[in-house]
Amino acid sequence: MARLRYVKNLSAAAQAGGGVGSASAKTIVRTFRAIYETEPEIAAAVLPQPLKLGAEPLVFMQFAHVIMELSETHKIDIGAVTVGVAAEHEGTKGWYVLAMPMEGEFVVISGREIFGEPKKLAKVDFDVKGDKIHVAVQRNGIKFIEMDGTIGAETGPKDFTEHFFCYKAMPAITRKGGFDGDCFLTQLDWERKYHKTAKISGDIKLHESPYDPIVDVPVKRIVEMQYCEGGSVTSGKILRQVPGEWLEPFWHQRYDEPTVQGIEVPLAGDKKVANA
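Reading the values: rules and limits
Residues numbered from 1 in each chain as written. Predicted model: local features only at pLDDT ≥ 70, side-chain atom pairs only at ≥ 80, totals over all residues. Heavy atoms only, no water. Disulfide = S-S within 2.5 Å. Buried < 20%, exposed > 50% of the residue type's maximum accessible area, 1.4 Å probe, protein only. Helix = DSSP H or I, 4+ residues; strand = E, 2+ residues; numbered from the N terminus. Lys, Arg positive; Asp, Glu negative; His and termini not counted. Salt bridge = Lys/Arg side-chain N within 4 Å of Asp/Glu carboxyl O. Polar contact = N/O pair within 3.5 Å; in protein donor to acceptor, adjacent residues only side chain to side chain. Contact = heavy atoms within 4.5 Å.

K.L.:
Looking at this structure, I do not really get the state of the cysteines. What am I missing?
P.N.:
Covalently bonding the sulfur atom of one cysteine to the sulfur atom of another cysteine gives a disulfide. Taken as a whole, this structure holds zero disulfides when the rule is applied. As a non-bridged cysteine, cysteine 183 has cysteine 166 as the owner of its nearest cysteine sulfur, 14 Å distant. Residue cysteine 183 is classed as buried on the basis of its relative accessible area of 3%.

Here it is as structure tokens:
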């Protein structure tokens, strides 16, 4: 008898559990979390329909060292970054995932295909020495986000759930725009169980990159920073189908297109200068 691993034994997989098809993945994490205020006009402009801007123009930025337990015998050790913009959908508050650079080909592919996460392969630094913490991410030889901080007073354990919004779709095979098949808005539910949290005082540096232009979403004011240790359980669901034309202006974010010019976003400060 010959074994052919290009075809999966579904009955054996169901008995074993875990893997890419499992309902959720347990993770052990250390994180450097930050929330900053940006320009409200920019925060609104990056949100595809039907998402609405949150109560404040806030950006969530998290660097994490993650151990994913896909099964009792299969674990993945990665560095991961999540950048999200405060958004709401039908009363649910969360973060629209603007960027998700991380290490590990498996987690990039599975996150994009299963949840619609805009993951890209990247190099992530996560260094903690005493009370000093430094994190950075780079792609295509460009370091485009850095955060530095001093870990301060502990704030105790915290359990909470965060929601993140993504879009799941398949670009058209003609490569002339549009999509093949339906497009969906997804919601990711991340159950945080942190046994340790602490305040951080620090700063955020955004650097120019034509591949990952996070610098276009500037830092006006840092609202909070935290260091956390613990675990997470992640899951997701489809919220609704969306028209492809709602996504088309944003879909290039998932690929490296350094020639994209982008749109012009009028800011309230521009009007004040013009009227001065």
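Now that the structure has been shown, we can carry on.
K.L.:
What exactly am I supposed to notice about the side chain of arginine 254 here?
P.N.:
Mapping arginine 254 onto the fold places it in the loop between helix 4 (244–247) and helix 5 (268–275). The side chain of arginine 254 sits in the buried core without any salt bridge; glutamate 117 is the nearest counter-charge, 8.6 Å away. Side-chain polar atoms of arginine 254 contact the backbone oxygen of tyrosine 167, separated by 2.6 Å. The contact partners of arginine 254, leaving out residues within four places of it in the chain, are Arg112, Gly116, Glu117, Pro118, Lys120 and Tyr167.

K.L.:
Help me understand the pattern of salt bridges, please; the structure alone is not making it clear to me.
P.N.:
For side chains of opposite charge, pairing can occur when their charged atoms come near one another. One pass over the structure, following the stated rule, counts eleven salt bridges. With its nearest N and O atoms 3.1 Å apart, the salt bridge here joins lysine 119 to glutamate 117. For lysine 119, a relative accessible area of 9% gives the class buried. Between lysine 196 and glutamate 154 there is a salt bridge whose closest N-O contact spans 3.9 Å. Of this pair, lysine 196 sits in strand 11 (residues 183–206) while glutamate 154 is found in strand 9 (residues 142–154), placing the two residues 42 residues apart along the sequence. Under the relative-accessibility criterion, lysine 196 is labelled partly exposed at 26%. The network of salt bridges with common partners includes Lys120, Arg139, Asp212 and Asp256.

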